[in-house]
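# Chain and residue survey
Chain by chain, the residues run as shown.
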Amino acid sequence: MRLSVVIPVFNKAPWLRECIDSVLAQSFQDFELIAVDDRSTDDSLAILRSYSDPRIRIIALDRNL
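For the structure given in this document, a descriptive report is provided here. Fair warning: this is a prediction, and the values are worked out from it, not measured in the lab. (Residues numbered from 1 in each chain as written. Predicted model: local features only at pLDDT ≥ 70, side-chain atom pairs only at ≥ 80, totals over all residues. Heavy atoms only, no water.)

## Here's the deal with the sheet that holds strand β3 (residues 56-60)
Applied cut-off: Should DSSP find at least two bridges between two strands, the strands are regarded as paired. Put simply, DSSP H or I for four residues or longer makes a helix, DSSP E for two residues or longer makes a strand, and each gets a number counted from the N terminus. The axes used here are C-alpha line fits, helices contributing only the stretch in contact, and every angle between their N-to-C directions lies in the interval 0 to 180 degrees.
If you walk across this open sheet you meet the three strands as β1-β2-β3, and the pairing is parallel. Two strands in the sheet have a free side with no partner beyond their single neighbour: β1 (3-9) and β3. With direction set aside, neighbouring strand axes in the sheet form an average angle of 20 degrees. Direction of pairing for β1 relative to strand β2 (residues 31-37): parallel, over a ladder of seven bridges. In the sheet register, Leu3 faces β2, and the bridge partner there is Phe31.

## Notes on the side chain of Arg55
Quick note on the threshold: The buried label applies to any residue whose accessible area, calculated with a 1.4 Å probe on protein chains only, is under 20% of its type's maximum; exposed applies above 50%, and partly exposed to all values in between. What qualifies as a polar contact is a pair of N or O atoms within 3.5 Å, subject to a donor-acceptor requirement within protein and to the restriction that residues adjacent in sequence count only when both atoms come from side chains.
Tracing the backbone shows Arg55 in the loop between α2 (44-49) and β3. Judged by relative accessible area, Arg55 falls into the buried class, the value being 17%. Only 2.7 Å separates the side chain of Arg55 from the side chain of Asp53, close enough to count as a polar contact.

## Comments concerning the nonpolar core
For the record, the criterion: Nonpolar cores are built from buried Ala, Val, Leu, Ile, Met, Phe, Trp, Tyr and Cys residues. Side-chain atoms within 4.5 Å join them into one set.
Core analysis: the biggest nonpolar cluster contains 15 residues, and Leu16, Ile20, Leu24, Leu33, Leu48, Tyr51 and Ile56 have the highest contact counts within it. For this core, the leading source of residues is helix α1 (residues 13-24), giving five residues.

The following block contains the structure:
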């Protein structure tokens, strides 16, 4: 069974690493993590892009929705 974890992101840089690391550290490993950046104005998108884990997929929106 494959699981998808979706994280909506908007200006959450101070907590983003803790959130992502928590998901990646779970004992269940057959998942994809989809992070949707809603045009953050802080370092959130840079933090997301700093991860190289193949389970992470980043969607960067063109405008804030």
